[in-house]
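# Tertiary structure, described
The residues making up each chain are set out below.
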Amino acid sequence: MKKALNFVALEGEHKNLVRLLMLIISALYLFNFHVNDIWTPNESFYAEAVREMFESGNFLEFFYNYEPRYNKPPLTYWLVAASSSVLGVNEFAIRLPIVLMAIGSIWFTYLIGRQLYGKKGGMYAMIMMAFSVQLLAVKQYASPEIPLTFFFTLTMYYFLKGFELRKSKYMTLGFIMLGLSVLTKGFPYIIVIGGIIGLYILAKNSLNWKKIWEDIKLMKIHIGLPVMLLIGLSWIIFMYIKDGADFWEIYYRETFGRALNKKTNGPKPFFYLEVISWSILPYSLAFFFAIIKWAKDWKTASTVLFPFCWFIVMLVIFTIAKGKIPTYMIQAHPALVLMIVPLLLSYSPKPKIWRGLWSASFLFPTVL
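Bear in mind that the values here come from a model prediction, so they are computed numbers and not experimental data. (Residues numbered from 1 in each chain as written. Predicted model: local features only at pLDDT ≥ 70, side-chain atom pairs only at ≥ 80, totals over all residues. Heavy atoms only, no water.)

## Considerations on the packing of helix 8 (residues 145-165) against helix 9 (residues 168-185)
- Two elements in contact, helix 8 and helix 9, have axes whose closest approach is 8 Å; the angle formed by their N-to-C orientations is 165°. Accordingly, the angle class assigned to the pair helix 8 and helix 9 is roughly antiparallel. Judged by the sense of rotation from one axis to the other, the crossing of helix 8 with helix 9 is left-handed.
- Of the residues assigned to the contact of helix 8 with helix 9, the class counts are 16 nonpolar, five polar and three charged. (Axes fitted to C-alpha atoms, helices over the stretch in contact; angles between N-to-C directions. Helix = DSSP H or I, 4+ residues; strand = E, 2+ residues; numbered from the N terminus. Parallel < 35°, antiparallel > 145°, perpendicular 65-115°, else oblique. Left-handed = near helix turned anticlockwise from the far one by under 90°. Nonpolar A, V, L, I, M, F, W, Y, C, P; charged D, E, K, R; others polar.)

## A look at the confidence of the model for the protein
- Per-residue pLDDT for the protein has a mean of 89; in total, 94% of the residues score no lower than 70.
- Mean pLDDT across the secondary structure elements of the protein bottoms out at helix 1 (residues 2-8), with 56, and peaks at helix 18 (residues 333-338), with 97. (pLDDT = per-residue confidence, 0-100.)

## Remarks on helix 17 (residues 305-320)
- A rise of 1.5 Å per residue sets the reference length of helix 17, with its 16 residues, at 22 Å; its end C-alpha atoms lie 22 Å apart and thus fit the reference within 8%.
- Taken as a whole, helix 17 has its buried residues at Leu-305, Phe-306, Pro-307, Cys-309, Trp-310, Phe-311, Val-313, Met-314, Leu-315 and Phe-318.
- Summarising the contacts, the buried residues of helix 17 are in contact with helix 5 (91-117), helix 8, helix 10 (188-204), helix 15 (271-279), helix 16 (284-296) and helix 18. (Expected span 1.5 Å × (residues − 1). Buried < 20%, exposed > 50% of the residue type's maximum accessible area, 1.4 Å probe, protein only. Contact = heavy atoms within 4.5 Å.)

## Some remarks on the nonpolar core
- In this structure, Tyr-29, Ile-106, Phe-152, Met-156, Trp-310 and Met-314 are the most contacted members of the largest nonpolar core, which totals 112 residues.
- With 13 residues, the single largest contributor to this core is helix 5.
- Excluding anything up to four places from it in sequence, Tyr-29 contacts Val-99, Ala-102, Ile-103, Ile-106, Met-129, Ala-130, Leu-135, Leu-136 and Lys-139. (Core = buried A, V, L, I, M, F, W, Y, C linked by side-chain atoms within 4.5 Å.)

## Points about a positive patch on the surface
- Residues Lys-15, Arg-19, Arg-114 and Lys-119 make up a contiguous surface patch of positive charge.
- Mapped onto the elements, Arg-19 comes out in helix 2 (residues 14-30). (Patch = residues over 30% accessible without salt bridge, like charges linked within 9 Å, V, L, I, M, F, W, Y side chains within 5 Å. Areas by Shrake-Rupley, 256 points an atom, 1.4 Å probe, with all protein chains shown as cover. Salt bridge = Lys/Arg side-chain N within 4 Å of Asp/Glu carboxyl O. Lys, Arg positive; Asp, Glu negative; His and termini not counted. Charge placed at Lys NZ, Arg CZ, Asp CG, Glu CD.)

## Things to note about the side chain of Gln-331
- As for its position among the elements, Gln-331 is in the loop between helix 17 and helix 18.
- Take Gln-331: its relative accessible area is 1%, and that puts it in the buried class.
- Only 3.0 Å separates the side chain of Gln-331 from the side chain of Thr-149, close enough to count as a polar contact.
- Ignoring sequence-local partners within four residues, the contact set of Gln-331 consists of Glu-145, Leu-148, Thr-149, Phe-152, Tyr-189, Trp-310 and Met-314. (Polar contact = N/O pair within 3.5 Å; in protein donor to acceptor, adjacent residues only side chain to side chain.)

Printed below as a string of structure tokens:
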């Protein structure tokens, strides 16, 4: 009985706890993920395009209803095609790589949490990432959001590990994962991830230019950047050489065009704060409490500097962008839960009002 209670309280032997948690999460994520038909428009783009790839034997160009589909980079198509080549073109095969990448995103969120806050912090991050509403809702559907979340989280993990261990090899792996992120969703993510890493370097070194230069040298940008561009832009260059303006017009419209030129119903400065209020339920209120707490005690906020830079850069960039879709912030979910973790580990407010608010931030949404 004592061992069982220790497991529930995350106090048991670490490796066994992690294995048990990942087994439970994997079982829940994989349970019946393929039973409903493909009917949502976004998922049908990838399912039908892959079916036509097998029909034509052409795996470099993508067609939907036999018309060229230039909208998105190829990696999600290729992942679905690889699975379908083994298991057939069906719901199980089409969704399998997506749900596996959702599980992978949870695992690397755990690794980042462990790197920042220790073993128990990693487990808290794993649980909150796995059981937030939006990720559960989209974990299996064939679209770029989950593959992008996987490669995005991997990119963050390797860059963080490189900075923490002072090893350039992890930086190179980070650039490779950034290239795969671009190959999944497009070159604007060079700006997003570059902004996060840049802000983190400036903030953690308190604008000490000597230390900043040491971090820049550690990254070996002269190696990593060409590798990233070679991976991330390879398909774009191929398609531009082949189809020229026909390709570029549509591809640009779907990437920078959405951010810069899309017609909107006016500015929406709080759109993504509203999204966060439900997307990471039942932890949304705890996140907003954490934001207030770190702002109040900013001298201790260095604990959450890395996830804060991750969150704030994404919030600012996607708030400024004219095109706004709730799924754009899924790649920030690891950062959101990582800002809560230190409070779970050591925060015990003495004032009754703060203690009540902290407890309510978990109790109310959980009951809801």
